[in-house]
Amino acid sequence: MSELLKKVYDTIDQQFDDQVKYLQDLVRQPSILGNEAAERAVQEVNNYTFHGMNLDVTPIIADHSQMVHLPGYSPVEWSFRNRPLGMVGVWKSRRGGGKSLVLNGHVDVVDVTPLRQWKRDPFGAQVEGDRLFGRGAADMKGGVSALVFATKALQKAGIELKGDLILQTVLEEEGTGNGSLACMARGFVGDACLIPEPFEQKILTAEVGVLWMRADVFGSAGHTRAASTMVNAIDKAYQLVAAMRQLEQQWNQERHPAFADQPHPLNFNLGLIKGGNWPSSVPAHCEFSMRLSMYPGVDPEKAKRQVQAHIDQFCADDPWLKANPPEITWYGHHDWGVYEPNPERNPLMQSVARAHTDVTGTPVEYHNSTACTDVRFWTEHWHKPSTCYGPIGEQLHAANEWVSLKSVSETTKVVAATVIDWCGVAH
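Residues numbered from 1 in each chain as written. Predicted model: local features only at pLDDT ≥ 70, side-chain atom pairs only at ≥ 80, totals over all residues. Heavy atoms only, no water.

(A) Structural context of the overall build of the protein chain. Along the backbone of the protein chain there are 11 helices and 19 strands. Its C-alpha atoms give the protein chain a radius of gyration of 23 Å, near enough to 22 Å, the size a compact globule of 427 residues would have. Viewed in the frame of its principal axes, the protein chain has a C-alpha envelope of about 80 × 40 × 40 Å. When the 427 residues of the protein chain are sorted by exposure, 56% land in the buried category. Partitioning the contacts of the protein chain with sequence separation of at least 6, the portion at a separation of at least 24 is 83%. Positive and negative side-chain charges in the protein chain, numbering 39 and 50 respectively, have mean positions lying 2 Å apart. (Helix = DSSP H or I, 4+ residues; strand = E, 2+ residues; numbered from the N terminus. Rg over C-alpha atoms; globule rule 2.2 N^0.38 Å. Buried < 20%, exposed > 50% of the residue type's maximum accessible area, 1.4 Å probe, protein only. Contact = heavy atoms within 4.5 Å. Lys, Arg positive; Asp, Glu negative; His and termini not counted. Charge placed at Lys NZ, Arg CZ, Asp CG, Glu CD.)

Structure follows, in structure tokens:
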């Protein structure tokens, strides 16, 4: 370990109580996607923090017209108006001559219901031993605290970087990724990107692509006294779900080298269902939404056509659905997958790998994820060397989510060392 890195690591240790308090501030904001007051509140925490670090701060207020033609845009049915999709803070290099780096993290979180399954306040940010509990503690406000306090430590240590450091806290990652895209639309792209997602201190080398689909299925309504002569929309919806399970099985029979050791890498998740309006009425309508995934290299538009063809074929064999086909809507995630077959040739991944070994004393491991992240924008659409590496946590998108504070500290040091290695230091 160099004296410079030791000084930075010591500074991170000295500031760690403040980092935990900052992380608690983030977790205590119930920034569930679409809760506009909480979204503004959590971004205001970062606005205040970035100004306190003397960064050049730009709040990103965007609309669809600014992004709809950009690669990777995901269509939505809700508004971006008055929502701070991004908060950007730039530590501008005074010397120049180095490469710029984006440190990106999302501050939107998913719902917490049913509350009865939580043993603690989901927004209480309670610390017990090494664990900090709360929605978003791992996914991914713990990582956001790492990118902020890595930068704070570099500043306090008196380091001058050769390249610009661009901090981004974004919304919409859980539904679209359009927060990161909005930052990129404003020119905040950088030469590479590191996202400290909670991948257990492993380097991300692959992830699946993701699509969101909604199906509106229609039946023939009436009183249940004649139910046997009618068409129940909920029953038909479940038949269509079963057909989608058949397609899921077909797609998983294909193999991709990144996921060859995983028996079921592609998941079609039935995440929402609504149908009917009265127990004694045969329902005329049922709506369900699924999250689909596909392998890296598959164009989301091609995948949509394959799904529609499968649905059409299924409906052709059902007299009712043939005459009354379901209405399919694609909204939210339209994500390409990511695959880096040669991480040893990826310069940012190797910067992270060296930093991990320096901090932990162990070789880094690589990770292929059946989830998606915003890193796809940099890798697939802007062709920048980028990856995810972040702390250890569990219960993501579930009750009793937690993050390991020891891993948050180590991740903060890895981020700081990566910044030094990537951006360069002016002597």
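Now that the structure has been shown, we can carry on.
(B) Representation of the sheet that holds strand β16 (residues 366-369). On the basis of which strands lie adjacent, the open sheet formed by 3 strands has the order β15-β8-β16 and mixed pairing. Every other strand in the sheet has two partners, leaving β15 (338-339) and β16 as the edge strands with one partner each. Docked against the sheet, helix α9 (residues 347-360) engages β8 (203-207) and β16, running at close to 140° with respect to β8. (Pairing = 2+ DSSP bridges. Axes fitted to C-alpha atoms, helices over the stretch in contact; angles between N-to-C directions.)

(C) View of the nonpolar core. By size, the foremost hydrophobic cluster in this structure holds 78 residues, and its most contacted members are V8, L101, L103 and V419. Once residues lying within four places of it in the same chain are set aside, the contact partners of L103 are L147, T151, L165, I166, L167, Q168, L194, V415 and V419. In terms of nonpolar packing, the next biggest core, distinct from the first, is built from 32 residues, V208, M290, L292 and L321 among them. (Core = buried A, V, L, I, M, F, W, Y, C linked by side-chain atoms within 4.5 Å.)

(D) Summary view of the packing of aromatic side chains. One pass over the structure, following the stated rule, counts 4 aromatic pairs. Seen from their ring centres, Y22 and F149 are 5.7 Å apart, and the 50° between their planes marks the pair as tilted. Placement of the pair is Y22 in helix α2 (residues 16-27) and F149 in helix α4 (residues 137-156), with a sequence separation of 127 residues. Summarising the burial analysis for this pair, Y22 and F149 share the class buried. A cation sits over an aromatic face here: R131 above W402, 3.8 Å from the ring centre. (Phe/Tyr/Trp six-rings, centres within 6.5 Å; stacked < 30°, edge-to-face > 60°. Lys NZ or Arg CZ within 6 Å of the ring centre and 35° of its normal.)

(E) Structural detail: the pairing of strand β6 (residues 165-170). Buried residues dominate β6, accounting for 6 of its 6 residues. Residues L165, L167 and T169 point to one face of β6 and I166, Q168 and V170 to the other, with burial holding for every one of them. Where strand β2 (residues 84-91) meets β6, 6 bridges bridge the pair, whose relative direction is antiparallel. Residue V88 lies in a different strand from β6, and its bridge partner there is Q168. Here 6 bridges tie strand β3 (residues 101-106) to β6, and the two strands are oriented parallel to one another.

(F) Here's a closer look at helix α11 (residues 405-423). Taking 1.5 Å of rise per residue, the 19 residues of α11 would be expected to cover 27 Å, and the 27 Å separating its terminal C-alpha atoms lies within 8% of that figure. With respect to burial, α11 is a largely interior element, 17 of its 19 residues being buried. Of the residues flanking the end of α11, it is G424, one or two places downstream, whose phi is positive at about 85°. (Expected span 1.5 Å × (residues − 1).)

(G) Quick look at the side chain of K236. Topologically, K236 is positioned in helix α6 (residues 233-253). Taking relative accessible area as the criterion, K236 reaches 13% and is therefore assigned buried. Once you skip the residues sitting within four places of it in the chain, K236 turns out to touch V217, V231, D318, W320 and L321.

(H) Layout of the environment of V27. Its place among the elements puts V27 in helix α2. In this structure, the C-alpha to C-alpha distance between V27 and L171, residues 144 residues apart in sequence, is 14 Å. Once residues lying within four places of it in the same chain are set aside, the contact partners of V27 are P122, F123, A125, L132, F133, G134, R135, A137 and K141.

(I) Geometry of the pattern of salt bridges. Scanning all chains against the criterion turns up 22 salt bridges. Here D10 and K6 are joined by a salt bridge, their closest N and O atoms 3.0 Å apart. You can see D10 and its partner K6 sitting in helix α1 (residues 3-14), 4 residues apart, about one turn around the helix. Two residues, K202 and E365, come together in a salt bridge whose shortest N-O distance is 3.9 Å. (Salt bridge = Lys/Arg side-chain N within 4 Å of Asp/Glu carboxyl O.)

(J) Molecular detail of the sheet that holds strand β19 (residues 402-404). Judged by pairing direction, the sheet is antiparallel, and its 4 strands sit side by side in the order β4-β5-β19-β18 without closing on themselves. On the outer flanks of this sheet lie β4 (127-128) and β18 (393-394), each paired with one strand and no other. Direction of pairing for β18 relative to β19: antiparallel, over a ladder of 2 bridges. Paired with E394 across the bridge in β19 is W402. Contacts from α2 reach β4, β5 (131-133) and β19 within the one sheet, and its direction differs from that of β5 by about 25°. Relative to the sheet, α4 contacts β5, β18 and β19, its axis offset from that of β19 by approximately 45°.

(K) Focus on unusual backbone geometry. Between T113 and P114 the backbone carries a cis peptide bond, its omega angle lying at 0°. Turning to its location among the elements, P114 is positioned in the loop between β3 and β4. Residues D139 and M140 are joined by a peptide bond in cis, for which omega reads -10°. A positive phi angle is found at N400, which is not glycine, with a value near 65°. Its location among the elements puts N400 in the loop between β18 and β19.

Spatial relationships are all this shows, so hold off on functional conclusions.
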